[in-house]
Amino acid sequence: MARMVIAGNWKMNGLTETLAEAEGVMAGLEAAHDNADCVICPPATLVLAMANRARGSRLKVGGQTCHPAESGAHTGDISAEMLADAGASHVILGHSERRADHGESDESVAARVEAALRAGLVPIICVGETLYERDGGHTLDIIAGQLAGSLPDSLNGQDFILAYEPVWAIGTGRTPTLEQIGEVHLAIRERLSQRFGETGQSAPILYGGSMKPGNAGEILGVSEVNGGLIGGASLKAADFLAIYEAAG
Ligand code: PGA
């Protein structure tokens, strides 16, 4: 049985003052259940400060992407080693916004996953179909292709997290039906188990896309949903904690 994980993706949001929200989450976790891990992935500029403040708390900190290389002439990029050095324990990889805005292919995501493992980070690997692909009836094929291409064999025996995020549900307020979520999560679980055996059975599979306090309980109750990757609703401590509570 996979452990529950509630992860926040702050995207390109947050200044130093916003760390107060993360501190609110840390305080809230003290009084909350501990059936789930809790992670916030702030912009790179805040990873070090958030990790310093989170030390000794139950909050873990992650990056939002990393370069495949350890260091070098890659202006503007950040390596997995740098994230680990700043105190991160996780990193989101292959988010649809990275795939769309920065041309990250499945191969490139797989190389970044290798980098995360090399640096000792837990990768949170994202897959998801567009509305065009869903309407065409191709969702499960698209997901299978992304899983095949984005997950390197070296994940076998390692801690990793998968996130199913339908592109059309991200930031739109629209979510798939519970049946649609369950169908994709079950298909992902089957693929992971076939390919990675026990490792694939215990890897958490998160749902992401317009998850909020009002729908978290029912989504987290779907079979093979082991947590959430939350964008907008992770920016306010109260909302994020309410979602965390729903994972109890
Ligand atoms: P959202 O974003 O919760 O704002 O829809 C989710 C994500 O992109 O990870």
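Conventions and cut-offs
- Residues numbered from 1 in each chain as written.
- Predicted model: local features only at pLDDT ≥ 70, side-chain atom pairs only at ≥ 80, totals over all residues.
- Heavy atoms only, no water.
- Pairing = 2+ DSSP bridges.
- Helix = DSSP H or I, 4+ residues; strand = E, 2+ residues; numbered from the N terminus.
- Axes fitted to C-alpha atoms, helices over the stretch in contact; angles between N-to-C directions.
- Expected span 1.5 Å × (residues − 1).
- Buried < 20%, exposed > 50% of the residue type's maximum accessible area, 1.4 Å probe, protein only.
- Arc of directions from axis to C-beta.
- Contact = heavy atoms within 4.5 Å.
- Phe/Tyr/Trp six-rings, centres within 6.5 Å; stacked < 30°, edge-to-face > 60°.
- Right-handed = clockwise from strand over helix to strand, strands pointing away.

K.L.:
For this particular structure, what's the right way to read the sheet that holds strand E3 (residues 59-63)?
P.N.:
As a general point, the strands of a sheet are linked pairwise by backbone hydrogen bonds and lie either parallel or antiparallel. Pairing is parallel around the closed barrel formed by eight strands, whose spatial order is E1-E2-E3-E4-E5-E6-E7-E8. Direction aside, the axes of adjacent strands within the sheet are offset by 25° on average. Judged from the four bridges that link them, strand E1 (residues 4-9) and strand E8 (residues 227-230) form a sheet pairing that is parallel. Note on E8: the bridge partner recorded for Ala-7 is Leu-229.

K.L.:
Just to check I follow, could you spell out helix H7 (residues 139-150) for this structure?
P.N.:
Because each turn of an α-helix spans 3.6 residues, side chains separated by three or four positions end up pointing in the same direction. Given a rise of 1.5 Å per residue, twelve residues ought to cover 16 Å, and the 16 Å separating the end C-alpha atoms of H7 matches this to within 8%. By the burial criterion, the buried members of H7 are Thr-139, Ile-143, Ala-144, Gln-146, Leu-147 and Ser-150. For H7, the arc enclosing every buried residue in end-on projection is 165°, short of the 170-degree limit, so these residues lie on one face. Exposed residues lying more than 90 degrees from the buried face of H7 are Asp-141 and Ala-148. Buried-residue contacts for H7 involve helix H4 (96-101), helix H5 (106-119), strand E5 (122-127), helix H6 (131-135), strand E6 (161-164) and helix H8 (178-196).

K.L.:
Got a minute to help me understand the packing of aromatic side chains in this structure?
P.N.:
Each pair of aromatic rings is reported with the distance of its centres and the angle of its planes. Enumeration according to the criterion identifies two aromatic pairs in this entry. A centroid spacing of 5.7 Å and a plane angle of 65° characterise the contact between Phe-160 and Phe-196, whose relative ring orientation is edge-to-face. Taken together, the positions of Phe-160 in the loop between H7 and E6 and Phe-196 in helix H8 put the pair 36 residues apart, joining distant regions of the chain. For the pair Phe-160 and Phe-196, one class covers both residues: buried.

K.L.:
Which parts of the structure should I look at to understand the pairing of E6?
P.N.:
A two-sided burial pattern is seen for E6, the buried positions comprising Ile-161 and Ala-163 on one face and Leu-162 and Tyr-164 on the other. As judged from the four bridges shared by E5 and E6, these two strands associate in the parallel manner. Along E6, the bridge assignment pairs Cys-126 with Ala-163.

K.L.:
What should I look at first to understand unusual backbone geometry in this one?
P.N.:
Peptide bonds are mostly trans, and most non-glycine residues show a negative phi. Unlike most non-glycine residues, Ser-210 shows phi in positive territory, near 55°. Taking the relative accessible area as the measure of exposure, Ser-210 reaches 14% and is therefore buried. With phi around 70°, Glu-224 is a residue other than glycine that occupies positive phi space. Its place among the elements puts Glu-224 in the loop between helix H10 (213-220) and E8.

K.L.:
Explain the pairing of strand E7 (residues 205-208) to me, please; I cannot follow it from the model alone.
P.N.:
Within a regular strand, the side chains alternate between the two sheet faces. Neither face of E7 is exposed, since Ile-205 and Tyr-207 on one face and Leu-206 and Gly-208 on the opposite face are all buried. Inspection of the sheet shows E7 paired to E8 by two bridges, in the parallel sense. Along E8, the bridge assignment pairs Tyr-207 with Gly-228. The β-α-β motif built from E7, the intervening H10 and the parallel element E8 has right-handed crossover chirality.

K.L.:
Sorry if this is basic, but what is going on with the environment of Ala-80 here?
P.N.:
Its place among the elements puts Ala-80 in helix H3 (residues 80-86). Between the C-alpha atoms of Ala-80 and Gly-94, which are 14 residues apart in sequence, the distance is 14 Å. Excluding its chain neighbours within four sequence positions, the residues that come into contact with Ala-80 are Cys-66, His-67, Ala-115, Ala-116, Ala-119 and Leu-121.

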